[in-house]
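Structural overview
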Amino acid sequence: MAARVLLRRSLAGAAAVPRLPPGGGLALRGLGSSAHRPREDSWLKSLFVRKVDPRKDAHSNLLAKRETSSLYKIQFHNVKPECLEAYNKLCQEVLPKIHEEKHYPCALVGTWNTWYGEQDQAVHLWRYEGGYPALNEVMSKLRQNKEFIEFRKERGNMLLSRKNQLLLEFSFWNEPVPRDGPNIYELRSYQLRPGTMIEWGNYWARAIRFRQDNNEAVGGFFSQIGQLYMVHHLWAYKDLQTREDIRNAAWHKPGWDELVYYTVPLIQEMESRIMIPLKISPLQ
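Residues numbered from 1 in each chain as written. Predicted model: local features only at pLDDT ≥ 70, side-chain atom pairs only at ≥ 80, totals over all residues. Heavy atoms only, no water.

Looking at an unreviewed UniProt entry, one finds the protein named Protein NipSnap homolog 2 and attributed to Pipra filicauda. In its Subcellular location (unreviewed entry) section, the UniProt record describing the protein reads: "Mitochondrion matrix". What the UniProt record of the protein gives under Sequence similarities (unreviewed entry) is the line "Belongs to the NipSnap family." (UniProt positions renumbered as here; feature names shortened; annotations may be inferred.)

Right, dumping it as structure tokens:
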């Protein structure tokens, strides 16, 4: 109550300041030089200005795994509905060759079709072991690969649109490694408010402990290039009912509700995709 009264008085005082005619700068300077006014302004600013601790390092260095230098790329391909079967067949013929080629420092982590969410969509996740130099090496070699050039041309005729992002993995998440199936996968994508990635990482470094009992946590990533302040969490479940049971069980663990409470205000938008892996996907 006292704070509200002080705020009303402060705003009333601000409204009472007369509009000075040209040449009235000396009077205005005298009004602003009082000992009380700057303190009042400072108090008002403290209500609306977000305080951020100074950082001595890039957010990516604070959040990403230090023991690896892997870079990830996630691709979203919106396929013409009548071409999805042909698209999948083409990918299953060509993508394993890139994945298995020893001269390409990259690995196919997973490849899926969206089941629930945006329809007729393919999602591919790649790992480049060695970071940006590895990515550049792969892209340079693929530009000289006649089979891949032909693949891209044929694939392009099947697509409505496509986009990608370059990602780093959170240090506290599981390493995405091949797993046996059958599983369904959920990709939960969060558009965070700019400037909140460190807070998100701090909360999820604790929250991930609540989601390890059933081995459902596959990988967690944040964007570096593409749509920024994006976070992707990848989960694996036996089926939709198992997903529901595991997610409901988390709410019975002391502390989970509090962490959700603090992370929700950091989110601008969120999206959930339920995905089915293709036969060539290392994540089955």
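More follows now that the structure is in view.
What follows is about the overall build of the protein. Counting its regular elements, the protein contains 10 helices and eight strands. Burial statistics for the protein: of 284 residues in total, 42% are counted as buried. Taking the contacts inside the protein whose residues are at least 6 apart along the sequence as the reference set, 82% of them involve residues at least 24 apart. Accessible surface, the protein: about 16,600 Å² in total, of which carbon and sulfur atoms supply 54%. (Helix = DSSP H or I, 4+ residues; strand = E, 2+ residues; numbered from the N terminus. Buried < 20%, exposed > 50% of the residue type's maximum accessible area, 1.4 Å probe, protein only. Contact = heavy atoms within 4.5 Å. Areas by Shrake-Rupley, 256 points an atom, 1.4 Å probe, with all protein chains shown as cover.)

Take the confidence of the model for the protein next. For the protein, per-residue confidence averages 83 on the pLDDT scale, and residues scoring 70 or more make up 76% of the total. Scored below 50 in pLDDT, residues 1-52 makes 16 contacts in the model with residues more than four places away or belonging to other chains. (pLDDT = per-residue confidence, 0-100.)

To continue, consider the sheet that holds strand E6 (residues 217-225). The strand order around the closed barrel formed by eight strands is E1-E3-E2-E8-E5-E7-E6-E4, and the pairing between neighbours is antiparallel. Taken over all neighbouring pairs, the strand axes of this sheet differ in orientation by 35° on average, direction set aside. Pairing of strand E5 (residues 184-192) with strand E7 (residues 230-237) involves eight bridges; the strand directions are antiparallel. Looking at the pairing, Tyr185 lines up with Ala236 of E7. Seen against the sheet, helix H5 (residues 84-100) touches strand E1 (70-79), strand E2 (106-116), strand E3 (121-129) and strand E4 (159-169) and runs at an angle of roughly 165° to E2. (Pairing = 2+ DSSP bridges. Axes fitted to C-alpha atoms, helices over the stretch in contact; angles between N-to-C directions.)

A word on the packing of aromatic side chains. Counted under the stated rule, the structure contains 16 aromatic pairs. On the numbers, 4.9 Å between centres and 55° between planes, the contact of Tyr72 with Phe221 is tilted. Taken together, the positions of Tyr72 in strand E1 and Phe221 in strand E6 put the pair 149 residues apart, joining distant regions of the chain. Owing to a relative accessible area of 2%, Phe221 belongs among the buried residues under this scheme. On the basis of an interplanar angle of 25° and a centroid distance of 5.1 Å, the ring pair of Phe170 and Phe172 is categorised as stacked. (Phe/Tyr/Trp six-rings, centres within 6.5 Å; stacked < 30°, edge-to-face > 60°.)

Here we come to helix H7 (residues 146-156). Every buried residue belonging to H7 is among Phe148, Phe151 and Arg155, and all of these are buried. Projected down its long axis, H7 carries its buried residues within an arc of 55°, all on one side. The outward face of H7, more than 90 degrees from its buried face, is lined by the exposed residues Lys146 and Lys153. On its buried face, H7 is in contact with E1, H5, helix H6 (132-142) and E4. (Arc of directions from axis to C-beta.)

The contact between H5 and H7 brings their axes to 11 Å, and the two run at 155°. Put simply, H5 runs roughly antiparallel to H7. Between H5 and H7 lies a crossing of left-handed hand. Contact with H5, carried on its side by Tyr87, Leu90, Cys91, Val94, Leu95, Lys97 and Ile98, involves Glu147, Phe148, Phe151, Glu154 and Arg155 of H7 and no other residues of that element. (Parallel < 35°, antiparallel > 145°, perpendicular 65-115°, else oblique. Left-handed = near helix turned anticlockwise from the far one by under 90°.)

On to a nonpolar patch on the surface, then. Together, Trp115, Tyr116, Leu240 and Ile276 line one region of the surface with nonpolar side chains, adding up to about 350 Å² of accessible area. Checked against the element boundaries, Leu240 lands in helix H9 (residues 240-250). The class for Leu240 is partly exposed, based on a relative accessible area of 34%. (Patch = residues over 30% accessible without salt bridge, like charges linked within 9 Å, V, L, I, M, F, W, Y side chains within 5 Å. Salt bridge = Lys/Arg side-chain N within 4 Å of Asp/Glu carboxyl O.)

Below, the discussion takes up the pairing of E1. With 10 of 10 residues buried, E1 is to be regarded as a mostly interior element. Burial along E1 is two-sided: Ser70, Tyr72, Ile74, Phe76 and Asn78 facing one way and Leu71, Lys73, Gln75, His77 and Val79 facing the other are all buried. Two elements, E1 and E3, share nine bridges in a ladder whose sense is antiparallel. Residue pairing in the sheet places Leu71 in a bridge with Tyr128 of E3. The sheet contact formed by E1 and E4 spans eight bridges and is antiparallel. For Val79, the partnering residue across the bridge sits in E4 and is Leu159.

A word on the environment of Cys106. Relative to the helices and strands, Cys106 is located in strand E2. Along the backbone, Cys106 and Gly131 are 25 residues apart, and their C-alpha atoms lie at a distance of 9.8 Å. Other than its neighbours up to four places away in sequence, Cys106 contacts Ile98, His99, Trp126, Arg127, Tyr128 and Val138.

Here the focus is the nonpolar core. Residues Tyr128, Phe170, Trp173, Trp200, Trp204, Phe222 and Val231 are the most contacted members of the largest nonpolar core, which totals 54 residues. Of all the elements, H5 adds the most residues to this core, at seven residues. Not counting chain neighbours up to four residues away, the residues in contact with Trp204 comprise Phe172, Trp173, His233, Trp235, Trp256 and Thr263. Judged by nonpolar contacts, the second largest core, of 16 residues, contains Leu167, Leu187, Val218 and Met275. (Core = buried A, V, L, I, M, F, W, Y, C linked by side-chain atoms within 4.5 Å.)

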